[in-house]
Amino acid sequence: MRIADAEVDPGRLIEWVCCDFKRFVPSEVVDIRIGELRDQGLDVPDEFVVEMPGPWNGPVKVVHRDAERLHLVTLRGHMEAGQVQFRAREDDGLLVFEIELWACPGTRLVHLLYSHLRVAKEIQLNMWVRFCLAAASQSGGRPVGGVHISTRWLPSPGTDPVGPPPSPGTCSADPALSRGGPSAGGSGEPGSRQERPRRDGR
């Protein structure tokens, strides 16, 4: 998401994400269970749980934080095996907020509901879109062009790709809002890549 007229710089926005993570997620869909944090908010090696409807509770751990990036990885018991980065930067006078997610289904049930029935994927997509919109709101700016989503699917190791051969890779990917690369949310078939704008959380 590109944000115009922001009242904060990238470092301040990431600081807010780290200090008040719950503020950025849709509370009617997702709850965040975090223990007592230090003054600087989420930092290495903090752990917390993302609670979603159904069997989707996901423990995660902070593995890196710097002035413009927060990096989380999933822990045992999460519905996915993967990692997510929240980044902010400036580009051509605009504040750019990005979420990049790489993940593989953690179980066969998740694979069915996520990759085929798409139940869990739609819940997750809504969460990340709303997260981006909340980032724009918290920055005091306004979204430019909505939320842009790009998804790339890669075959799991040792399997044949379905559909056109994808770019080289070793894990299925569901990235979010990256620079010219794969981004979280969106929809597509294995071996394909899609981009589409979203202007709200629906």
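For the structure itself, consult the block above.
Note that the structure is predicted; figures quoted are calculated from it, not measured. (Residues numbered from 1 in each chain as written. Predicted model: local features only at pLDDT ≥ 70, side-chain atom pairs only at ≥ 80, totals over all residues. Heavy atoms only, no water.)

**Q** Help me understand the overall build of the chain, please; the structure alone is not making it clear to me.
**A** A count of helical and extended segments in the chain gives three helices and 10 strands. When the helices and strands of the chain are listed from N to C terminus, the series reads β-α-β-β-β-β-β-β-α-α-β-β-β. Taken over 202 residues, the chain has a buried fraction of 48%. Put simply, of all contacts in the chain between residues at least 6 apart along the chain, 55% involve residues at least 24 apart. (Helix = DSSP H or I, 4+ residues; strand = E, 2+ residues; numbered from the N terminus. Buried < 20%, exposed > 50% of the residue type's maximum accessible area, 1.4 Å probe, protein only. Contact = heavy atoms within 4.5 Å.)

**Q** Just checking my understanding: could you explain the pairing of strand β4 (residues 58–66) for this structure?
**A** The side chains of a regular strand alternate between both faces of the sheet. Pairing analysis gives four bridges linking strand β3 (residues 47–51) to β4, with the strands arranged antiparallel. By the bridge assignment for β4, Val49 is matched with Pro59. As defined by bridge partners, β4 adjoins strand β5 (residues 69–74) across six bridges and the pair is classed as antiparallel. Across the sheet, residue Asp66 finds its bridge partner in β5, namely Arg69. Hairpin connection between β4 and β5: a loop of two residues separates the two successive antiparallel strands. (Pairing = 2+ DSSP bridges.)

All we've got here are geometric facts, nothing functional implied.
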